[in-house]
Amino acid sequence: MSSCADPSGTIGCGNWQWGISIPPALQVPGIIDLSAPEVLFSSYTVSRPDRGDCWWGEGSFRSGTMEIVSIDAAEVVVRLSGTDTHDFDANGEYTAARCP
């Protein structure tokens, strides 16, 4: 699992994580198109058991939006919609701690 001290973290088998980087000017409530050039990067990593081993895959969000529902010094609440991530559904609302 990622943390402020270890942003890349480890997700273990059967889990997934995603990351989206946007410039400070966009870190306000509102909707951001994930294919917009202002999005610095967007990616996901997924793992699952497969024939006794752990299968890993990764990719970038090619479509969809991220709505910043709320944001303050401690945390950000976002909602992903319309994402295309092949093997899993990333759409939904998430709360994440903001790192100093």
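Residue positions are counted from 1 within each chain, in the order its sequence is given. Where totals are concerned, whole chains, interfaces and linings use all residues; where local detail is concerned, this predicted model gives features only for residues with pLDDT of at least 70, and gives and counts side-chain atom pairs only at 80 or more. Side-chain descriptors were evaluated using all non-hydrogen atoms of the structure, hydrogens and water having been removed beforehand.

Enquirer: Where do I start with the state of the cysteines in this structure?
Expert: Two cysteines form a disulfide when their sulfur atoms are joined by a covalent bond. When two cysteine sulfur atoms are found within 2.5 Å, that pair is recorded as a disulfide. On inspection of all chains with the given rule, the structure shows 1 disulfide. Here Cys-13 pairs with Cys-54 through a disulfide, and the sulfurs are 2.3 Å apart. Where Cys-13 bonds to Cys-54 through sulfur, the torsion about that S-S bond is close to 110 degrees, and the disulfide is right-handed. In this pair, Cys-13 sits in the segment before strand E1 (16-21) while Cys-54 sits in strand E4 (residues 53-59), placing the two residues 41 residues apart along the sequence. Note on conventions: DSSP H or I runs of at least 4 residues are helices, E runs of at least 2 residues are strands, and numbering of each starts at the N terminus.

Enquirer: I would appreciate a short explanation of the environment of Pro-49 in the present structure.
Expert: Tracing the chain through its elements places Pro-49 in strand E3 (residues 41-50). Three exposure classes are used, based on accessible area relative to the maximum for each residue type with a 1.4 Å probe and protein chains only: buried under 20%, partly exposed in between, and exposed over 50%. Exposure remark for Pro-49: the relative accessible area of 61% places this residue in the exposed category. In this structure the C-alpha to C-alpha distance between Pro-49 and Gly-14, which are 35 residues apart in sequence, comes to 6.3 Å. Contacts were defined at the residue level, with two residues in contact if any of their heavy atoms lie within 4.5 Å. Once residues within four sequence positions are removed from consideration, Pro-49 is found in contact with Cys-13, Gly-14 and Cys-54.

Enquirer: Help me understand the sheet that holds E3, please; the structure alone is not making it clear to me.
Expert: Following DSSP output, two strands are said to pair if at least two bridges run between them. Read across the sheet, 3 strands follow the order E1-E3-E4 without closing on themselves; strand pairing throughout is antiparallel. Edge strands, defined here as strands with exactly one partner in the open sheet, are E1 and E4. Sheet twist, expressed as the mean angle between neighbouring strand axes with direction ignored, is 10 degrees. Examined bridge by bridge, E3 and E4 share 7 bridges and lie antiparallel to one another. Fitting a line to C-alpha atoms yields each axis, with helices limited to the stretch in contact; the angle taken between N-to-C directions then spans 0 to 180 degrees.

Enquirer: I tried to follow the pattern of salt bridges on my own but got confused; where do I start?
Expert: It is possible for side chains of opposite charge to pair when their charged atoms get near one another. One side-chain nitrogen of Lys or Arg within 4 Å of one carboxyl oxygen of Asp or Glu is enough to make a salt bridge. The final tally for this structure, using the stated rule, is 2 salt bridges. Across the pair Arg-79 and Glu-67 runs a salt bridge whose closest N-O atoms are separated by 2.9 Å. Remark: Glu-67 occurs in strand E5 (residues 65-71) and Arg-79 occurs in strand E6 (residues 75-81); sequence separation between them is 12 residues. You can call Glu-67 partly exposed: its relative accessible area is 26%.

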